[in-house]
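The residues making up each chain are set out below.
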Amino acid sequence: MKILDRYILTTYLKTFISVFVILMLIFVLQAIWLYIKELAGKDLDLVTVLKFLMYITPTLIPLILPLTILLASIMVFGNFAENYEFAAMKSTGISLQRAMSGLGIFIVGLSVLTFFFSNNVIPWAEYNSYNLRKNIAKVKPAMAIAEGQFNDIGETFNIKVEEKSGENGKLLKGVTIHKKNNNRFAGNNVTIIAKRGELASEEDSNVLKLILYDGYYYDDTPPKKMSDRKKNPFVKSEFKKHIMNIDLSELNNIDLDEKNIDNKYTMLNVAELNYTIDSLKTQRNNVVKEFSKSLYSRTNLETLNLTINPKKDSIYNGEILDIFETKRKIQLLDYAINTTSSTKQIIKAKADNLKASSSWIFKHGIQLHKKFALAVACIILFFVGAPLGALIRKGGLGLPMVIAIVLFLTYHFIGLFAENSAKNGNLHPALSAWFSTLIMLPLSIFLTKRATQDRGLFEFDHITVPIKNWYNKKFGSSTKIIETEEQLTTSIQLPESVKTSYTLLSKINMVSFSIALVLFILYFVFKNNKLPQVALAGIQISAISYIVFLFNYIKSYFTFTKKITKENILFTIIGLVFYPITHFSRRQKIKS
């Protein structure tokens, strides 16, 4: 390895490791916050918490590694360009491609390692983390009663609470309890509804003591013999206070190391995914064949000839129903309508089941191709970040961080949208896994070509220069810049205080318009996410900001714009909606 390659690789590795560690800490904290409800109040020991973090960490690699490669590449190569190190390399005859070649070999090796990591380590981590979280959820279910949703308390009770308050959330409002029935009449036959409730048991107790106030008790458990229904009718009772003691001794004796779920698609490697996909497709095809046979048997075509005695010596060309009497005709039509209606319902139900099974197959296919796409994405994002850093000529954590985050979010959200489309069957699973990577491929080629040729990021001279030459040739001889005496006097006599006042007023306009626009957009976001109070406050502040903008906009027009720039009234009206365009146009006119 030459000194230059060693220097570039060492510099890149220092930045890569630093960025990777920082991003890993950020994403681990985010993961802890995501699962905090499952961990809080469980009295877990330090070993279990460390196990949880150890299992969660590898599952974050598909997010962290591409962003790390992109950000480190922009930072390192931007720093080289900012310090004129690339200029020194080019002066000695070393091109950008040659400078990237040694580091490119490292990235290719890293992508191969990433594939084996995603094929072996990530499924292992998913398998262990999922089972560990499932076992943790069973520990002390009294602490796991969340608001606004049904919570399983063992295998017997299902509890929903509208609101929790008081110390440790012991005071409950709007309690609904379903008691499960595990006999042959399985179902939620017993329902208890109470206005208030209280958790009165101790934290370390194996008994959940639940005191309910002002409620009703409903029992619709079927008797063993249906003839006894009159003796045991539907039971409804009202209570002022009702105490329930739920035994949690068996539930709290949970083995956190137990692992009994291994069929989730994120827990499988490439070979297991291929086998599972083939099995699922075979199973779905068998279901379709069986269903087609069932539909065929419902038509009675097989037994039709057994019930008809045809007369071969007669020919009938009329309507088949006309040979029956009116009463018999009505019976036949009624039978046909009922059969068709029931068949349509069966087809609809089966279609929903097949759609669910197809979605399950698609998820396995997406996971299979994502293992390969992640490895290739590491290479492509390197060839996006490295030339981009050389073009922007800026190192550090400022502009490179912003550019890297924007590019990565674009890459990530394109992948999410494609994956969701594939799960619904609107996009092929293979294409969805590769979609964001394929989007980044032309960008990497374009940036690498630009950086190699030492050209700017965007050049429009090949478009603007011919137009400018044509315009000068057509109108240049007859077009002259004439400054009248009045314009010259105005330009000379324009006080600096006027320019300062207008600049301040235009900044106020820009800020107030931006606040009004952003809050107006966020109003719909908050409204769709069921935050009506926040949405209402946002739209009110937006209206106030726009009124402030409107007042200053009119003032700036009559005080400055109308007298100095002679602005068109139509352009001024457009500025009420598209103010940034008017803002920058006025600034250019004031400067000139």
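To be clear, the structure that these remarks concern was listed above.
Owing to the predicted nature of the structure, the values given are computational and were not obtained by experimental measurement. (Residues numbered from 1 in each chain as written. Predicted model: local features only at pLDDT ≥ 70, side-chain atom pairs only at ≥ 80, totals over all residues. Heavy atoms only, no water.)

Caption draft 1: Expanded view of the nonpolar core. By size, the foremost hydrophobic cluster in this structure holds 57 residues, and its most contacted members are Tyr12, Ile69, Phe77, Phe86 and Phe382. Residue assignment for this core shows that the elements contributing at least two residues are helix 1 (3-34), helix 3 (46-59), helix 4 (61-82), helix 5 (85-91), helix 6 (96-137), helix 9 (326-392), helix 10 (399-423) and helix 11 (429-452). The element best represented in this core is helix 4, accounting for 14 residues. Setting aside anything within four residues of it in sequence, one finds phenylalanine 77 in contact with Phe86, Leu96, Met100, Leu103, Phe382, Ala386, Gly389 and Ala390. (Core = buried A, V, L, I, M, F, W, Y, C linked by side-chain atoms within 4.5 Å. Buried < 20%, exposed > 50% of the residue type's maximum accessible area, 1.4 Å probe, protein only. Helix = DSSP H or I, 4+ residues; strand = E, 2+ residues; numbered from the N terminus. Contact = heavy atoms within 4.5 Å.)

Caption draft 2: Just helix 1, in detail. Over its 32 residues, helix 1 runs 46 Å from end to end, which matches the ideal 46 Å to within 8%, given 1.5 Å per residue. Considered for burial, the residues of helix 1 that qualify are Asp5, Ile8, Leu9, Tyr12, Thr15, Phe16, Val19, Leu23, Met24, Phe27, Val28 and Ala31. (Expected span 1.5 Å × (residues − 1).)

Caption draft 3: Region of interest: the pattern of salt bridges. Across all of its chains, the model carries three salt bridges by this definition. The partner of glutamate 419 in a salt bridge is lysine 370, with the nearest N and O atoms 3.6 Å apart. Linking glutamate 419 in helix 10 with lysine 370 in helix 9, this pair joins segments that are 49 residues apart in sequence. Notably, a salt bridge pairs glutamate 419 with lysine 423, separated by 3.4 Å at the nearest N-O pair. Taken together, the residues span about one helical turn, with glutamate 419 and lysine 423 both in helix 10 at a distance of four residues. Look at glutamate 419 and you get buried, because its relative accessible area is 16%. Take lysine 423: its relative accessible area is 22%, and that puts it in the partly exposed class. Each of the salt bridges in this network shares a partner with another, and the network as a whole consists of Lys370, Glu419 and Lys423. (Salt bridge = Lys/Arg side-chain N within 4 Å of Asp/Glu carboxyl O.)

Caption draft 4: Fine view of the packing of helix 4 against helix 9. Where helix 4 contacts helix 9, the axes come no closer than 7 Å and their chain directions differ by 25 degrees. One finds that helix 4 runs roughly parallel with respect to helix 9. Relative to helix 9, the crossing made by helix 4 is right-handed. The residues of helix 9 that touch helix 4, namely those facing Pro62, Leu65, Pro66, Ile69, Leu70, Ser73, Ile74, Phe77, Gly78 and Ala81, are Leu374, Cys378, Leu381, Phe382, Val384, Gly385, Ala386, Leu388, Gly389, Ala390 and Ile392. Class assignment of the residues belonging to the contact of helix 4 with helix 9 gives a composition of 17 nonpolar, four polar and no charged. (Axes fitted to C-alpha atoms, helices over the stretch in contact; angles between N-to-C directions. Parallel < 35°, antiparallel > 145°, perpendicular 65-115°, else oblique. Left-handed = near helix turned anticlockwise from the far one by under 90°. Nonpolar A, V, L, I, M, F, W, Y, C, P; charged D, E, K, R; others polar.)

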